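# Descriptive analysis of the structure
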Amino acid sequence: IETPFPFNTPLPGLTPLVVASPVPTLSGGMLPTKNGCNDGIFTGESAPYDGASLQPSTDYEKNFTLMNIGTCTWDDGYTFAFLPEFSTPGFKGYDIKIKKIDDFVKPTKSITFTLKLTASHIPGTHIGAWKMKDDGGNFFGSMVYVKYVIGTKAEREATAEAASSTATAEAK
């Protein structure tokens, strides 16, 4: 059977309608990745914020808050998993496993994971990444990361000297 016109060929005078992408975008460019009934989205973090300067070998805490936007409860065996393959080589990250019933996260609820970390002693930019993982080992949700800078000794001394000069000038 022949058709009066070929399919998928625009007719003269008709302009195809451009439709926005059905994929939602989030601040920070992080998209959640659904895996079955599991999904999660990044909703907040604590300092140090991306690009912050830290002193070498300084202990610090970083909090990430994630919301369960899937339909399954995050329970025993779910993990806030460190991703060495997306982190600076040598970054000392670790996993946080959900174990206690008080920490289970029902759909629409949130959880804050607190990481206790130590800054590198090596000058440069350092990144550590994490993502949720279910009890079957499947990753889902937003990937989150900490990103900080360790300046060289000369840069740290120059910053300290500038701060001292500013404080002296303000005291006058």
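Use the structure listed above.
This section reports on the structure supplied with the text. This is a predicted model, so every value here is computed, not measured.

Quick notes on the rules
Residues numbered from 1 in each chain as written. Predicted model: local features only at pLDDT ≥ 70, side-chain atom pairs only at ≥ 80, totals over all residues. Heavy atoms only, no water. Disulfide = S-S within 2.5 Å. Helix = DSSP H or I, 4+ residues; strand = E, 2+ residues; numbered from the N terminus. Buried < 20%, exposed > 50% of the residue type's maximum accessible area, 1.4 Å probe, protein only. Pairing = 2+ DSSP bridges. Axes fitted to C-alpha atoms, helices over the stretch in contact; angles between N-to-C directions. Contact = heavy atoms within 4.5 Å. Polar contact = N/O pair within 3.5 Å; in protein donor to acceptor, adjacent residues only side chain to side chain. Core = buried A, V, L, I, M, F, W, Y, C linked by side-chain atoms within 4.5 Å. Salt bridge = Lys/Arg side-chain N within 4 Å of Asp/Glu carboxyl O.

## Comments concerning the state of the cysteines
- For the structure on display, the rule yields 1 disulfide.
- Here Cys-37 pairs with Cys-72 through a disulfide, and the sulfurs are 1.6 Å apart. Taking the sign of the S-S torsion, -95 degrees for the link of Cys-37 and Cys-72, the bridge is left-handed. Remark: Cys-72 occurs in the loop between β3 (59–68) and β4 (79–82) and Cys-37 occurs in the segment before β1 (40–45); sequence separation between them is 35 residues.
- Here Cys-37 falls in the partly exposed class, since its relative accessible area comes to 26%.

## Re the sheet that holds β3
- Pairing in this open sheet of 3 strands is antiparallel, and the strands run β1-β3-β6 from one edge to the other. Strands with a single pairing partner mark the edges of an open sheet, and in this sheet they are β1 and β6 (110–118). Direction aside, neighbouring strands of the sheet carry axes that sit 30 degrees apart on average.
- Alignment of β1 against β3, held across 5 bridges, turns out to be antiparallel. Paired with Phe-42 across the two strands is Leu-66, which belongs to β3.

## As for the environment of Asp-95
- Mapped onto the elements, Asp-95 comes out in the loop between β4 and β5 (96–97).
- Relative accessible area serves as the criterion here: at 37%, Asp-95 is assigned to the partly exposed category.
- The sequence separation of Asp-95 and Trp-130 amounts to 35 residues, and the corresponding C-alpha distance is 8.2 Å.
- Excluding residues within four positions of it along the chain, Asp-95 makes contact with Thr-79, Phe-80, Ala-81 and Phe-82.
- Polar contacts involving the side chain of Asp-95 include one to the main-chain amide nitrogen of Phe-82, which spans 2.8 Å.

## A closer look at the environment of Lys-34
- Structurally, Lys-34 is set in the segment before β1.
- Lys-34 gets classed as exposed once you look at its relative accessible area, which sits at 61%.
- With 106 residues separating them along the chain, Lys-34 and Phe-140 place their C-alpha atoms 5.5 Å apart.

## Topic: the nonpolar core
- If you look at the biggest cluster of nonpolar residues, it comprises 24 residues, and the most contacted ones within it are Trp-74, Phe-80, Trp-130 and Met-132.
- Every element with two or more residues in this core is listed here: β3, β4, β6, β7 (124–133) and β8 (139–150).
- When residues in this core are grouped by element, the largest group, 5 residues, is from β8.
- Ignoring anything within four residues of it in the chain, the contact list for Met-132 reads Leu-66, Trp-74, Tyr-78, Thr-79, Phe-80, Ile-98, Phe-113, Asn-138, Phe-139 and Phe-140.

## Considering the sheet that holds β8
- Read from one edge of the open sheet, 5 strands run β2-β8-β7-β4-β5, paired in mixed fashion. Edge positions in the sheet fall to β2 (52–53) and β5, since each has one partner strand and no second.

## Some points on the pattern of salt bridges
- The full count for this structure, using the stated rule, is 2 salt bridges.
- Put simply, Glu-45 and Lys-62 hold a salt bridge, and the shortest N to O gap is 2.5 Å. Of the two residues, Glu-45 sits in strand β1 while Lys-62 sits in strand β3, which places them 17 residues apart along the sequence.
- When its relative accessible area of 29% is taken as the criterion, Glu-45 is described as partly exposed.
- With a relative accessible area of 0%, Lys-62 lands in the buried category.
- Put simply, Glu-61 and Lys-116 hold a salt bridge, and the shortest N to O gap is 3.7 Å. You can see Glu-61 sitting in strand β3 and its partner Lys-116 sitting in strand β6, a full 55 residues away along the chain.
- The partly exposed category is assigned to Glu-61, whose relative accessible area is 41%.

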